[in-house]
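Descriptive structure summary
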Amino acid sequence: MKRIIVVYSLFFAIIILFLTFQENESEPQGFTAYRLIAHAAGSIGDQPYTNAYEAMVANYKQGTRVFEIDFMLTADRKVVARHEWTASMSEQLGQLDRLPKEKQGTRLTHEEFMETPILERYQPMDVDAVMNMMASVPDIYIVTDTKEQKDEDIRLLLTELTEAALARDPALLDRVVIQIYNEPMLDMVREIYPFSSIIYTLYATTDSPERIAAFVKANHIDAVTMPEHRVNPNFVAKLREAGAVTYVHTINDANTVNNYEKWGVYGVYSDLLTEPELEKISLRYALQK
């Protein structure tokens with residue numbers, strides 16, 4: 001009897017999941033047409049956090065189209081793709097032998113940054129390199145991860161990014177997804193440019209699920225991403241009702257992706273997985289076959 005109950009429960013869960021997918025099938029568009037966001041441009045040679053040109057190229061060739069890029073300011077206030085200015089990051093990127101000791105844990109100048117290869121063979125990117133990539137590959141989206149903490153630095157960073165895109169083609173900004181960390185940041189972003197796509201990341205906020213869902217709905221936010229400890233089916237459902245898809249970060253295991261998908265989570269940030277891999281293991285894909 002218990003086995004029958006379990007089987008029926010599983011059956012109805014699958015039916016509900018299928019109906020949910022059918023209901024939302026036509027909704028995702030733009031960057032939300034993709035379930036995978038490559039964290040820090042995705043790994044290359046099993047090395048995460050590079051934000052390197054070659055990492056974008058390699059993961060693009062594997063089918064990934066949405067790339068989260070870490071952005072910071074150099075010592076001379078230029079925008080570059082870098083996760084943090086620490087000695088441990090320089091070590092992780094294999095740059096210690098290239099940098100004098102006093103430069104290993106501090107901000108580099110733009111010239112120093114661009115002339116210090118990653119792992120001796122990969123090219124660091126500044127904002128111009130990122131925009132050149134977007135201009136040459138018309139289906140790439142980038143998600144900004146602004147690592148600066150001061151409002152004035154964040155404003156400068158996003159302004160420089162916006163101007164770099166406008167100098168090439170204003171349409172590039174339709175493929176720039178701005179990641180915000182709190183409610184006030186949305187006003188700052190919209191003062192700089194009316195970006196069409198926003199992701200609200202929750203790792204820095206303690207706001208309640210109810211407040212977050214209300215904010216998302218009121219401001220027509222496309223997506224919400226959160227760390228694993230904040231994920232639960234009720235919260236994901238509230239966000240879906242508010243009009244946003246949900247991503248979880250940072251997930252490198254396919255089984256974990258499947259488990260979250262059963263809770264209604266739409267996609268993940270990942271160092272290692274690719275868009276085609278997620279498509280193959282997706283319950284949505286299996287139910288449509």
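This text follows the structure it describes.
Heads up: these notes are all about the structure in this document. Worth saying up front: this structure is predicted, and the values here are computed from it rather than measured.

1. Observations regarding the overall build of the protein chain
Each helix and strand in the protein chain was counted, giving twelve helices and nine strands. Across the protein chain, contacts joining residues at least 24 apart in sequence account for 58% of those joining residues at least 6 apart. As displayed, the protein chain has an accessible area near 13900 Å², and 52% of this comes from carbon and sulfur atoms.

2. Examining helix α6 (residues 151-168)
Here α6 is 18 residues long and its end C-alpha atoms lie 26 Å apart, about the 26 Å a rise of 1.5 Å per residue gives. When we look at burial in α6, the residues that qualify are Asp153, Ile154, Leu157, Leu158, Leu161, Thr162, Ala164 and Ala165. What you see down the axis of α6 is that its buried residues fit within an arc of 165°, all on one side. Turned more than 90 degrees from where α6 packs its buried face, Asp151, Glu152 and Ala167 sit exposed. Looking at the packing, one finds that the buried side of α6 touches β2 (66-73), β3 (79-81), α5 (127-136), β4 (141-146), β5 (176-180) and α7 (183-192).

3. A closer look at the nonpolar core
Counting residues in each nonpolar core, the largest one holds 69 residues, and the members touching the most others are Ile69, Met131, Ile142, Val176, Ile180, Tyr200 and Val216. Listed in part, the twelve residues of the second largest apolar core include Ile37, Val66, Tyr141 and Ala223.

4. Comments concerning the packing of aromatic side chains
Each aromatic ring pair is summarised here by two numbers: the centre-to-centre distance and the angle between the ring planes. A full pass over the atoms with the stated rule returns eight aromatic pairs. Between the aromatic rings of Tyr34 and Tyr141, the centroid separation amounts to 6.3 Å while the plane-to-plane angle is 55°, which identifies the pairing as tilted. Here Tyr34 is found in the loop between α1 (2-24) and β1 (36-38), whereas its partner Tyr141 is found in strand β4, with 107 residues between them in sequence. For Tyr141, a relative accessible area of 15% gives the class buried. Measuring from centroid to centroid gives 5.4 Å for Tyr200 and Phe215, while their planes differ by 65°, and the two rings are edge-to-face. Separated by 15 residues along the polypeptide, Tyr200 in strand β6 (residues 197-201) and Phe215 in helix α8 (residues 209-218) bring together distant segments of the chain. Judged by its relative accessible area of 10%, Phe215 is buried. Within the aromatic cluster, the residues linked to one another by ring pairs are Tyr247, Tyr266 and Tyr269. Above the plane of the ring of Tyr60 lies Arg65, whose end atom (NZ or CZ) is 3.7 Å from the centre.

What counts and how
Per-chain numbering applies: the sequence of each chain, read as written, is numbered from 1 onward. Local features in a predicted model are, by the rule used here, given only for residues with pLDDT of at least 70; side-chain atom pairs are given and counted only at 80 or more, and totals for whole chains, interfaces and linings are based on all residues. Hydrogen atoms and water are omitted, and side-chain values are computed over all heavy atoms in the structure. Helix and strand labels come from DSSP, where a helix needs a run of H or I of at least four residues and a strand needs a run of E of at least two; each type is numbered from the N terminus. Here a residue-residue contact requires only that any non-hydrogen atoms of the pair lie within 4.5 Å. Only the protein chains shown count as cover for residues, and the accessible areas themselves come from Shrake-Rupley with a 1.4 Å probe. Multiplying 1.5 Å by the residue count of a helix minus one yields the expected span of that helix. The buried label applies to any residue whose accessible area, calculated with a 1.4 Å probe on protein chains only, is under 20% of its type's maximum; exposed applies above 50%, and partly exposed to all values in between. Working note: the arc is built from the helix axis to C-beta atom directions. Buried Ala, Val, Leu, Ile, Met, Phe, Trp, Tyr and Cys residues form a nonpolar core when they are joined through side-chain atoms within 4.5 Å. Stacked, tilted and edge-to-face pairs are distinguished by plane angle, under 30 degrees for stacked and over 60 for edge-to-face with tilted covering the rest, among Phe, Tyr and Trp rings (Trp via its six-membered ring) whose centres lie within 6.5 Å. Charge over a ring is defined by NZ of Lys or CZ of Arg lying within 6 Å of the ring centre and within 35 degrees of the ring normal.

Function cannot be read off these values alone, since they describe shape.
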